[in-house]
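# Descriptive structure summary
Given next are the chains, with one letter for each unit.
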Amino acid sequence: MMKNNFIGIMTGTSVDAIDIAALSIKKEECKLLNAKSFQFPEEIKNKILGISRNEKTLDSIKIHSLSDDLAYIYSKSIDEFIDESSIERESINAVGLHGQTISHNPDDKNPSSIQIGNGKMVAQETGLIVVNDFRSADIQAGGQGAPLAPLFHHRFFNEIGTTRAVINIGGIANISVFGSNLMGYDIGPGNALMDSWCREKRAIDFDESGEWAETGYLHQKFFDHLMKEEFICRKPPKSSGTDYFNIGWIKEKLKQIEEHICDADIQRTLAEFTATTIAIAINNVSDIDQVAICGGGSKNKFLMELIKKNTPSEIVTTDCWGMNPEWVEAAGFAYLAYLRVNDLSVDTSTITGSKGVIKLGNIQTPN
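Quick caveat, the model's predicted, so the values are computed rather than measured.

Before going further, it helps to spend a moment on the overall build of the protein. The secondary structure content of the protein amounts to 13 helices and 13 strands. Over its C-alpha trace the protein gives a radius of gyration of 20 Å, about what one expects of a compact globule, namely 21 Å for 367 residues. In terms of overall dimensions, the protein has C-alpha extents of about 65 × 50 × 40 Å along its principal axes. A total of 367 residues make up the protein; the buried ones form 59% of that total. Of the side chains in the protein, 36 bear a positive and 49 a negative charge, and the two mean positions are spaced by 3 Å.

This next bit is on the side chain of His98. Topologically, His98 is positioned in the loop between strand 4 (92-97) and strand 5 (100-105). Of the polar contacts made by the side chain of His98, one reaches the side chain of Arg135; its length is 3.2 Å. If we skip the residues at most four places from it in the chain, His98 touches Ile9, Met10, Thr11, Gln115, Phe134, Arg135 and Phe333.

Of all 9 residues in helix 5 (residues 149-157), 7 are buried, a share of seventy percent or more. Of all the positions in helix 5, only Ala149, Pro150, Leu151, Phe152, His153, Phe156 and Phe157 are classed as buried.

This brings us to unusual backbone geometry. Excluding glycine, most residues fall at negative phi; most peptide bonds, likewise, are trans. Residue Pro147 follows Ala146 across a cis peptide bond; omega there is -5 degrees. Structurally, Pro147 can be placed in the loop between helix 4 (136-140) and helix 5. A cis geometry characterises the amide bond from Pro236 onward to Pro237, with omega recorded as 10 degrees. On the secondary structure map, Pro237 appears in the loop between helix 9 (230-233) and helix 10 (247-257). Phi is positive for Asp133, close to 55 degrees, though the residue is something other than glycine. Here Asp133 shows up in the loop between strand 7 (130-132) and helix 4. You will see that Ser209, though not glycine, has its phi angle at about 60 degrees, which is positive.

Moving on, we come to the environment of Ile307. Within the secondary structure layout, Ile307 lies in helix 12 (residues 301-309). We classify Ile307 as buried; its relative accessible area is 0%. Not counting residues within four places of it along the chain, the set of residues in contact with Ile307 comprises Ile169, Ala275, Ile278, Ala279 and Ile282.

Next up on the list: the sheet that holds strand 8 (residues 164-169). Spatially, 5 strands are ordered 10-9-8-11-12 in an open sheet, and the strand pairing comes out mixed. Either end of the sheet is taken by a strand with one partner, and the two such strands are strand 10 (182-189) and strand 12 (315-317). Ignoring strand direction, the axes of neighbouring strands in this sheet form an average angle of 25 degrees. Pairing between strand 8 and strand 11 (residues 290-294): 5 bridges, direction parallel. Its bridge partner lying in strand 11, Asn168 is registered against Cys294. On top of the sheet, helix 11 (residues 263-283) reaches strand 8, strand 9 (172-178), strand 10, strand 11 and strand 12; it is set at about 165 degrees to strand 10, its chief contact. Contacts from helix 12 reach strand 8, strand 11 and strand 12, with the element oriented near 150 degrees to strand 12.

Let's shift gears to the sheet that holds strand 1 (residues 5-10). Ordered by their spatial adjacency, 6 strands build an open sheet running 3-2-1-4-7-13, and the pairing between neighbours is mixed. Either end of the sheet is taken by a strand with one partner, and the two such strands are strand 3 (29-38) and strand 13 (362-364). Pairwise comparison of adjacent strand axes, ignoring direction, gives a mean angle of 25 degrees for this sheet. Of the strand pairs in this sheet, strand 1 and strand 2 (residues 18-26) are connected by 6 bridges, and their pairing is antiparallel. When the bridges of strand 2 are listed, Asn5 appears paired with Ser24. Set on the sheet, helix 3 (residues 119-126) makes contact with strand 4, strand 7 and strand 13; between it and strand 7 the angle comes to about 165 degrees.

Scanning all chains against the criterion turns up 12 aromatic pairs. Ring centres of Tyr335 and Tyr338 lie 5.9 Å apart, and the angle between their planes is 20 degrees; this geometry places the pair in the stacked category. Taken together, the residues span about one helical turn, with Tyr335 and Tyr338 both in helix 13 (residues 328-341) at a distance of 3 residues. Taking the relative accessible area as the measure of exposure, Tyr335 reaches 9% and is therefore buried. Pairwise contacts between aromatic rings join Phe6, Phe152, Phe156, Phe157, Trp321, Tyr335 and Tyr338 into one cluster. Sitting over the ring of Trp321, Arg164 keeps its end group 3.9 Å from the ring centre.

Here we come to the pairing of strand 4. Summarising burial for strand 4: 6 of the 6 residues are buried, a large majority. As judged from the 5 bridges shared by strand 1 and strand 4, these two strands associate in the parallel manner. Bridge assignment links Ile7 to a residue of strand 4, and that residue is Val95. Across 2 bridges, strand 4 lies against strand 7 in parallel orientation. Across the sheet, Gly96 pairs through a bridge with Val131, a residue of strand 7.

Reading guide: rules and limits
Every chain is numbered on its own, with residues counted from 1 as its sequence reads. Whole-chain, interface and lining totals are the exception, using all residues; otherwise, since this is a predicted model, local features are given only for residues with pLDDT of at least 70 and side-chain atom pairs are given and counted only at 80 or more. Side-chain descriptors were evaluated using all non-hydrogen atoms of the structure, hydrogens and water having been removed beforehand. What counts as a helix is a DSSP run of H or I of at least four residues, what counts as a strand is a run of E of at least two, and both are numbered from the N terminus. For a compact globule the rule gives 2.2 Å times the number of residues to the power 0.38, and the radius of gyration it is set against comes from C-alpha atoms. Here's how the labels work: a residue is buried when its accessible area is under 20% of the maximum for its type, exposed when over 50%, partly exposed in between, all with a 1.4 Å probe on protein chains only. Residues scored as positive are Lys and Arg, those scored as negative are Asp and Glu, and His as well as the terminal groups of each chain are ignored. We put the charge of a Lys on NZ, of an Arg on CZ, of an Asp on CG and of a Glu on CD. Any N or O atom pair separated by 3.5 Å or less is treated as a polar contact, with the protein-specific requirement of one donor-capable and one acceptor-capable atom, and with residues adjacent in sequence counted only for side-chain atom pairs. Contacts: residue pairs with any heavy atoms within 4.5 Å of one another. By the convention used here, strands pair only if DSSP detects at least 2 bridges between them. Only C-alpha atoms enter the line fits that serve as axes; for helices the fit covers just the stretch in contact. Angles between N-to-C directions range over 0 to 180 degrees. Side-chain rings of Phe, Tyr and Trp, where Trp is taken by its six-membered ring, are said to pair if the distance between their centres is within 6.5 Å; with planes under 30 degrees apart they count as stacked, over 60 as edge-to-face, and otherwise as tilted. Two limits define a charge over a ring: the Lys NZ or Arg CZ must be within 6 Å of the ring centre, and within 35 degrees of the ring normal.

Right under this line is the structure:
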């Protein structure tokens, strides 16, 4: 049996779900076969949020324990996904496992990016080849290690004769621009700040459709202060994570302006800040023809309205280009697994700033 099927599994910085997508990938064809989301057990989700957003120093014992727990959950989700899909297990070539990012520090003296979810254990539990640890090779080659999604965006959404952009709005927002050339980078916060404020003030995971933000008013002084954030002004290549853009970041920015602002106005201003930074990234591409949004942020109706208000470009979601916005990231790691098991090198120099062609990911085989 020809093994052309690949599974991608993604748990993003928003920690909202475990997304799994299956692709059929051949040299001239890339087709989505099936996709589904699975919920995190609440206890695991809270541990991930605690380690990735609240703890200043990482406890290696906690990390290893959580990594194994998460691997077991990944494995159960993959098995259930295969059982519910009309995909024969024997036709699956490999699983691309991004893992859960808990720390991303590519600009440190000793650069690193930590994704948990024991890939070897997932291979053993599922009996499938697993490709994981996609960022390390890029960092070792002098790159940021992220974003890697532009490689898939270009493969799946490219249309000859046009310059397109894909904006992925997860916890962090990133942009991919492709036409004659490929370029991409992390813009800054996507859902991270809005979600963090919701958890802090309303004990809910996110602002459904941006309804709470819409009740507030833009606080201009706070907004102007946020727009001075160094990461936003920095030129690419650049990448970030929710270990930087989190509730601590918000509180520090509020402390710096020394002014009382009501909770709803803060939520509105965070939404305006997020939308403005995304729009600026779009507007900075002079010859762009079409723009599509994917990721959880595409469901935030108010955020989408704010982005559209701030850019003259026509904004759609990726389902207009052939894939539901919810599955793009997971599908991307199925594609990266395809590249790795076929021993294909990539050039990420215009995305992450790495030097030379590299092979992304480590192959884990079941015993």
